[in-house]
2 protein chains.
Amino acid sequence: MSDEAKQTDSCVDFGILNSLLGYRLRRAQMNFFSKFSEVCSDLGISPGLFAVIAIVDRNPGLTQTAVAQALGNDRSAMVAAVDKLEQMDIIERRAAKNDRRSYALFMTKSGEQFFSTLSNRVMEHEKAMAQRLKSDKEVDWLLDALDLLAKD
Amino acid sequence: MSDEAKQTDSCVDFGILNSLLGYRLRRAQMNFFSKFSEVCSDLGISPGLFAVIAIVDRNPGLTQTAVAQALGNDRSAMVAAVDKLEQMDIIERRAAKNDRRSYALFMTKSGEQFFSTLSNRVMEHEKAMAQRLKSDKEVDWLLDALDLLAKD
DNA sequence: TATTGTTATACTCTATAACTATA
DNA sequence: TATAGTTATAGAGTATAACAATA
């Protein structure tokens, strides 16, 4: 490898990208995503599926559309997700009481146990990442800042 | 709509998701992404293409592989990106001096002008988002925090 | 008419493997 | 043998449109 080529290895000027929240958000999120996958891939759970489980766990009886709206997804994306989670015996569809068009989503018994294990893993990962910041105060501050940037 | 169903609209408990940096990062990044698209879609530039242009603008003569490594992408993804940017007369491939396998990437004259316009738009968008935070100090702090979370 | 779940579809982004021409 | 660019391909994620059953 020539010296000229070697320059390209680590001396790249990121210019405007360095000052862009959007770019840094993307890099940070991509890192979180890949780390999450490492931690949870053997359990067959992606970040998206984790979010669905977390919502159903805390809000038993929600419809598929309601979960989709909460997560900012389209209803059509819920079908495959709930199919998979039902196949894994984590979530179950039950006929809704007042509306025969919709299903109510509930955790199964084994699903609750699974989510407990899963949450512990995710929290460990989260803890390791949060420790890169100086204090718990800074983590809270970051959570608030990200919330501001997520709105509309 | 029944009262029972109405509950699902905005009274969803996000549980553990609320305290997860990973989830909030995802929501914030998705918002940035869609806003960026609104601002730049008429120019035919996605966040990914913008990053490529920004790197080439500041580092003329880099190879495709070097740009890919800087951005954390695979080389194969660069082909279509550079094809499009070359078609738009923003970037051009030139034969590399010492290595006939590789191209050196450079901005075209019109590309530099285009990037100037583009950067102004992106900076406006960025400014609007940054103003959601309390001060410039907080923005700098956030940039540093995101940088910490993006590493390995 | 409007809404729920569903299906089909497509589009983007991304990663992998294999090929070629060079090194 | 190793690397740069390329191609083909496949997977995940996401969004749109249309349909049947139901409201």
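Data block above holds the structure.
All values reported here derive from a predicted model rather than from experimental measurement.

The rules behind each value
- Residues numbered from 1 in each chain as written.
- Chains lettered and ligands numbered in written order.
- Predicted model: local features only at pLDDT ≥ 70, side-chain atom pairs only at ≥ 80, totals over all residues.
- Heavy atoms only, no water.
- Helix = DSSP H or I, 4+ residues; strand = E, 2+ residues; numbered from the N terminus.
- Buried < 20%, exposed > 50% of the residue type's maximum accessible area, 1.4 Å probe, protein only.
- Contact = heavy atoms within 4.5 Å.
- Lys, Arg positive; Asp, Glu negative; His and termini not counted.
- Charge placed at Lys NZ, Arg CZ, Asp CG, Glu CD.
- Buried area = accessible area lost by both parts, 1.4 Å probe.
- Salt bridge = Lys/Arg side-chain N within 4 Å of Asp/Glu carboxyl O.
- Polar contact = N/O pair within 3.5 Å; in protein donor to acceptor, adjacent residues only side chain to side chain.
- Nonpolar A, V, L, I, M, F, W, Y, C, P; charged D, E, K, R; others polar.
- Patch = residues over 30% accessible without salt bridge, like charges linked within 9 Å, V, L, I, M, F, W, Y side chains within 5 Å.
- Areas by Shrake-Rupley, 256 points an atom, 1.4 Å probe, with all protein chains shown as cover.
- Core = buried A, V, L, I, M, F, W, Y, C linked by side-chain atoms within 4.5 Å.
- Near = heavy atom within 4 Å.
- Phe/Tyr/Trp six-rings, centres within 6.5 Å; stacked < 30°, edge-to-face > 60°.
- Lys NZ or Arg CZ within 6 Å of the ring centre and 35° of its normal.
- Axes fitted to C-alpha atoms, helices over the stretch in contact; angles between N-to-C directions.
- Parallel < 35°, antiparallel > 145°, perpendicular 65-115°, else oblique.
- Left-handed = near helix turned anticlockwise from the far one by under 90°.

S.K.: Which parts of the structure should I look at to understand the overall build of chain A?
M.R.: Each helix and strand in chain A was counted, giving seven helices and two strands. Written out in order from the N terminus, the α and β elements of chain A read α-α-α-α-α-β-β-α-α. Out of the 152 residues belonging to chain A, those deemed buried represent 45%. Pairs at least 24 residues apart make up 52% of the contacts formed inside chain A by residues separated by at least 6 positions. Seen as two clouds, the 20 positive and the 22 negative side-chain charges of chain A have centres 4 Å apart.

S.K.: Is there a simple way to think about the interface of chain A and chain B in this case?
M.R.: Taken residue by residue, the interface counts 62 residues in chain A and 62 residues in chain B. Around 5900 Å² of area is buried between chain A and chain B when both sides are counted, 66% of it from carbon and sulfur atoms. Broken down residue by residue, the surface that chain A buries against chain B is led by Leu21(A), Trp141(A) and Leu149(A), which jointly contribute 11%. Between the two partners, chain A and chain B, sit three salt bridges. The closest approach of N and O atoms between Arg24(A) and Asp147(B), which form a salt bridge, is 4.0 Å. There are 24 residue pairs in polar contact (both at pLDDT 80 or more) connecting chain A and chain B. Sorting the residues of the side of chain A that touches chain B by element identifies helix 2 (21-40), helix 3 (47-58), helix 4 (64-71), helix 6 (109-130) and helix 7 (136-150) of chain A as the ones contributing at least two each. Partitioned by chemical class, the residues of the side of chain A that touches chain B number 34 nonpolar, 13 polar and 15 charged.

S.K.: Help me out: how do you make sense of a negative patch on the surface in this one?
M.R.: Residues Asp136(A), Asp140(A), Asp144(A) and Asp147(A) make up a contiguous surface patch of negative charge. By secondary structure assignment, the location of Asp136(A) is in helix 7.

S.K.: Just to check I follow, could you spell out the nonpolar core for this structure?
M.R.: Here is a general trend for soluble globular proteins: nonpolar side chains tend to be buried in one another's company. Leu17(A), Ile45(B), Phe50(B), Ile53(B), Val67(B) and Leu118(B) are the most contacted members of the largest nonpolar core, which totals 36 residues. When residues of this core are traced back to their parent elements, those giving at least two are helix 2 (21-40), helix 3 (47-58), helix 4 (64-71), helix 5 (75-87), strand 2 (103-107) and helix 6 (109-130) of chain B. For this core, the leading source of residues is helix 3 of chain B, giving eight residues. Ignoring sequence-local partners within four residues, the contact set of Ile45(B) consists of Phe36(B), Cys40(B), Phe50(B), Ile53(B), Leu85(B), Met88(B), Ile90(B), Phe114(B) and Leu118(B). Within the second largest apolar cluster, 35 residues are counted, among which are Met78(A), Ala81(A), Val82(A) and Leu17(B).

S.K.: Can you help me understand the protein's contact with DNA strand D in this one?
M.R.: In the neighbourhood of DNA strand D, 17 residues make up the surrounding shell, with Ser76(A), Arg100(A), Thr65(B), Arg75(B) and Arg101(B) lying closest. In DNA strand D, the atoms that sit within 4 Å of the protein are 61% sugar and phosphate, with bases accounting for the remainder. At a separation of 3.1 Å, a phosphate oxygen of DNA strand D approaches a polar side-chain atom of Arg93(B). Among the secondary structure elements, those contributing two or more residues to the surface near DNA strand D are helix 4 and helix 5 of chain B. With three residues, the top contributor of residues to the surface near DNA strand D is helix 5 of chain B. Its residues assigned to classes, the surface near DNA strand D shows two nonpolar, seven polar and eight charged.

S.K.: I'm lost on the packing of aromatic side chains in this one. Help?
M.R.: Both the distance between ring centres and the angle between the ring planes are used here to describe each pair of aromatic rings. For the coordinates displayed, the defined rule picks out seven aromatic pairs over all chains. Arranged with centres 6.3 Å apart and planes meeting at 40°, the rings of Phe14(B) and Tyr23(B) form a pair that is tilted. Through a chain of ring-to-ring contacts, three or more aromatic side chains come together here, namely Phe36(A), Phe50(A) and Phe115(A). Directly above the aromatic system of Phe106(B) lies the positively charged group of Arg94(B), at a separation of 4.0 Å from the ring centroid.

S.K.: Before we go on, may I ask you to explain the packing of helix 3 of chain B against helix 5 of chain B in this structure?
M.R.: For any two helices packed against each other, one specifies the inter-axial angle together with the distance between the axes. Residues and elements named next belong to chain B. The N-to-C vectors of helix 3 and helix 5 enclose an angle of 75°; their axes lie 11 Å apart at closest approach. By the criterion of interaxial angle, the relationship of helix 3 to helix 5 is roughly perpendicular. Where helix 3 abuts helix 5, its residues Leu 49, Val 52 and Ile 53 lie against Met 78, Ala 81, Lys 84 and Leu 85.

S.K.: What exactly am I supposed to notice about the packing of helix 3 of chain B against helix 6 of chain B here?
M.R.: All names here are of chain B. Relative orientation of the contacting elements helix 3 and helix 6 amounts to 125°, with a least axis distance of 11 Å. In terms of orientation, helix 3 lies oblique with respect to helix 6. Helix-helix and strand crossings are classified by hand; for helix 3 and helix 6 the assignment is left-handed. On helix 6, the residues that touch Phe 50, Ile 53, Ala 54 and Asp 57 of helix 3 are Glu 112, Phe 114, Phe 115, Leu 118, Ser 119 and Val 122. Split into classes, the residues belonging to the contact of helix 3 with helix 6 amount to seven nonpolar, one polar and two charged.

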